[in-house]
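# Structural description and commentary
Each chain is listed here by its residues.
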Amino acid sequence: MTPTKRARPASQSQLNAYVESWQSDHHDAMRCADGEDFIAVGLSLYDLFRGQDKFHREMIFRGVSGYFVADSVVFRDGLTAWLNTTQSVLQTQIISLERNYSVNGADRLRECASEVAEYLSNWTPPTISAALGLREFQLDDAAAIEFDRVMGEAKVNPTPMPLGPPMEELSLADFRSRSESK
Amino acid sequence: MVEEVRHFDFGVEPYHREMSHWLVCEAATAMGYGTKVWLYGNKSGDIIGFGSLGESQWNYPDKKSPPIKVAIIPAIGLRQEFWGCPKGPDASERYSSQIMSHLIALAPQLPSRPSALGLYVYPANLGAIKLYERHHFRRFHNKYKREETGDHYHGYVRDIS
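Residues numbered from 1 in each chain as written. Chains lettered and ligands numbered in written order. Predicted model: local features only at pLDDT ≥ 70, side-chain atom pairs only at ≥ 80, totals over all residues. Heavy atoms only, no water.

## Points about the pattern of salt bridges
Put simply, the rule reads: Think of a salt bridge as a Lys or Arg side-chain nitrogen and an Asp or Glu carboxyl oxygen that are within 4 Å of each other. Only DSSP runs of H or I with at least four residues qualify as helices, and only runs of E with at least two residues qualify as strands; both kinds are numbered from the N terminus onward. Three labels apply to residues, based on accessible area from a 1.4 Å probe with only protein chains included: buried if under 20% of the type maximum, exposed if over 50%, partly exposed otherwise in between.
One pass over the structure, following the stated rule, counts ten salt bridges over all chains. Arg149(A) is the partner of Glu153(A) in a salt bridge, and the nearest nitrogen-oxygen pair spans 3.2 Å. On the criterion of helical spacing, the pair formed by Glu153(A) and Arg149(A) is a turn pair, its members being four residues apart in helix 5 (residues 141-156). Take Glu153(A): its relative accessible area is 44%, and that puts it in the partly exposed class. Notably, a salt bridge pairs Arg79(B) with Glu81(B), separated by 3.0 Å at the nearest N-O pair. Salt bridges sharing partners connect three or more residues here, namely Arg50(A), Asp53(A), Arg57(A) and Glu115(A).

## Digging into the environment of Gly66(A)
Counting through the fold element by element, Gly66(A) comes out in the loop between helix 2 (32-61) and helix 3 (69-98). The spacing of Gly66(A) and Trp123(A) is 57 residues in sequence and 18 Å in space, taken between C-alpha atoms.

## Quick notes on the interface of chain A and chain B
Using the following cut-off: The contact rule is simple, with two residues in contact once any of their heavy atoms fall within 4.5 Å. Defined in terms of a 1.4 Å probe, buried area is the accessible area two parts forfeit on being brought together, summed over both.
Opposite the 41 residues of chain A that make contact, chain B presents 57 residues. Taken over both partners, the interface formed by chain A and chain B buries close to 4,300 Å², and the fraction arising from carbon and sulfur atoms is 62%. Ranking the residues of chain A by area buried against chain B places Leu132(A), Phe137(A) and Met167(A) at the top, with a combined share of 16%. Seen at the junction of chain A and chain B, the total is one salt bridge.

## Thoughts on the confidence of the model for chain B
Note the cut-off: pLDDT runs from 0 to 100 and stands for how confident the predictor is about each residue.
Per-residue confidence for chain B averages 90 on the pLDDT scale, and 99% of its residues sit at or above 70. This prediction of the complex comes with two scores: 0.83 for pTM and 0.89 for ipTM.

## A few points about a nonpolar patch on the surface
What counts, and what does not: Two joining distances apply to patches: 9 Å for like charges and 5 Å for nonpolar side chains (Val, Leu, Ile, Met, Phe, Trp, Tyr), and every residue must have over 30% relative accessible area and no salt bridge. Using a 1.4 Å probe, accessible areas were evaluated by the Shrake-Rupley method; residue-level cover was limited to the displayed protein chains.
Together, Tyr67(A), Val69(A) and Val73(A) line one region of the surface with nonpolar side chains, adding up to about 250 Å² of accessible area. Within the secondary structure, Val69(A) sits in helix 3.

## Regarding the packing of helix 3 of chain A against helix 4 (residues 106-121) of chain A
All names here are of chain A. Definition in use: Lines fitted to C-alpha atoms define the axes, with helix axes restricted to the stretch in contact, and inter-axis angles between N-to-C directions lie between 0 and 180 degrees. Working rule for handedness: look at the near helix, and if it is turned counterclockwise from the far one by less than a right angle, call the crossing left-handed; if clockwise, right-handed. Here the nonpolar group is Ala, Val, Leu, Ile, Met, Phe, Trp, Tyr, Cys and Pro; Asp, Glu, Lys and Arg are the charged ones; every other residue, Gly included, is treated as polar.
Orientation of helix 3 relative to helix 4, taken along the N-to-C sense of each, is 145 degrees, at an axis distance of 10 Å. Like other packed secondary-structure pairs, helix 3 and helix 4 cross with a definite hand, here left-handed. When helix 3 is examined against helix 4, the residues Arg76, Leu79, Thr80, Trp82, Leu83, Thr86, Gln87, Leu90, Ile94, Ile95 and Glu98 are found in contact with a partner set consisting of Ala106, Asp107, Leu109, Arg110, Cys112, Ala113, Val116, Ala117, Tyr119 and Leu120. For the contact of helix 3 with helix 4, the per-class residue count stands at 14 nonpolar, three polar and four charged.

## A closer look at the nonpolar core
To be explicit about the condition: Only buried Ala, Val, Leu, Ile, Met, Phe, Trp, Tyr and Cys residues count toward a nonpolar core, and they belong to the same one when joined by side-chain atoms within 4.5 Å.
The biggest cluster of nonpolar side chains holds 37 residues, and the ones touching the most others in it are Leu139(A), Phe147(A), Trp22(B), Phe50(B), Trp58(B) and Phe140(B). Looking at this core, the element that brings in the most residues is helix 2 (residues 14-32) of chain B, giving six residues. Contacts of Trp22(B), omitting those with residues within four sequence positions, involve Ala131(A), Leu134(A), Ala27(B), Ala30(B), Thr35(B), Val37(B), Phe50(B), Ser52(B), Pro74(B) and Ala75(B). Among the nonpolar cores identified, the runner-up in size contains 27 residues, and Leu110(B), Leu117(B), Val121(B) and Tyr156(B) belong to it.

## Re unusual backbone geometry
Residue and element names in this part refer to chain B. Of the consecutive residues cysteine 85 and proline 86, the connecting peptide bond is found in the cis state with omega at -10 degrees. One can find proline 86 in the loop between strand 4 (76-78) and helix 3 (95-106). Despite not being glycine, arginine 113 shows a phi value in the positive range, around 50 degrees. Looking at where arginine 113 falls in the secondary structure, it is placed in the loop between helix 3 and strand 5 (116-121). Although it is not a glycine, histidine 136 sits at a positive phi angle of roughly 70 degrees. Note that histidine 136 resides in the loop between helix 4 (126-134) and strand 6 (138-145).

## Quick word on the environment of Glu26(B)
Inclusion rule: What qualifies as a polar contact is a pair of N or O atoms within 3.5 Å, subject to a donor-acceptor requirement within protein and to the restriction that residues adjacent in sequence count only when both atoms come from side chains.
Residue placement: Glu26(B) occurs in helix 2. With 107 residues separating them along the chain, Glu26(B) and Glu133(B) place their C-alpha atoms 27 Å apart. If we skip the residues at most four places from it in the chain, Glu26(B) touches Phe61(A), Ile128(A), Ser129(A), Ala130(A), Ala131(A) and His21(B). Within polar-contact distance, the side chain of Glu26(B) engages the side chain of Ser129(A) at 2.7 Å.

## Some thoughts on the pairing of strand 1 (residues 36-41) of chain B
Residue and element names in this part refer to chain B. Rule in force here: Whether two strands pair comes down to DSSP finding at least two bridges between them.
Alignment of strand 1 against strand 2 (residues 47-59), held across six bridges, turns out to be antiparallel. Paired with valine 37 across the bridge in strand 2 is serine 52. A loop of five residues connects strand 1 with strand 2, the two strands running antiparallel in sequence, and glycine 45 in this loop sits at a positive phi of about 90 degrees.

## Here's the deal with the pairing of strand 3 (residues 68-72) of chain B
All names here are of chain B. Of all the five residues making up strand 3, four are buried; the element is thus mostly covered by neighbouring parts of the structure. Where strand 2 lies against strand 3, five bridges are found, and the strand directions are antiparallel. Within strand 3, the residue paired with serine 56 across the bridge is valine 70. The pairing of strand 3 with strand 5 spans two bridges and is classified as parallel. When the sheet's bridge partners are listed, isoleucine 72 is paired in strand 5 with glycine 118.

Structure below.
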């Protein structure tokens, strides 16, 4: 298997618009409606960047994409720019609005900013899965024929599935508390 | 969970230690991509081992054939002190068999509703191979070379439809 596909970084243009809108219109953002519009854009950019970053990481984890430093830099820089702008506006304009208004989405944006700050401070490069099974696999001709044979034989002589009652599932905390009570 | 399992000993061979490493270092990441991980406990309150179940895709050489969605056991481990336990004549009662049965029973319920369950095993891990074959896994011509170490692993698969 050779990783050939490269992850496509997020569009920079929406992020630029987000950063610039704050820089040029910060007086207008004092108005609550504009503040809420800013938050909505910030939240949707958060979803976009985090989703793309997760996808990028998963493709590398599964061996579909190779790891290219430049791609990861794009994602990190994008998230950093988003975070800087978001924190700046939250700490000035949004706090100011919240003295007089209930601002929709502000708490959620704070949660997202906090999550991104933690993610960036603990950032590690994406890596391929150590578990071979979780990597996507390209069967060669012999493997494809044998796979079809094994599965075809099971159609004729069905492979027995396990019998018996399912195991009881507990959270680790419940398992511990049950063990301690014995 | 990591602190709970960090000291667990799944055996001394490198392929045993790979399981410890996976559980401590990668299980959480894999869970973020849909892999499920269970710790298994006995009636005495000991955690005896772990199992995991994920999904992957195998691609046919013929690009026109749709890829195969497969269930995967990425990693599985039984703490060394529980190997061969509980004692008794019935191998199906062993903890290792109970863990395998649990994973096999749940595999068809994964989101892609896979009809095959696969895993990779290091060829020298004869104890594990015996266990997998007892659970109707069949080796097929699917060797995977781990580029990082140069080691070859053998692919095993079974029907779960």
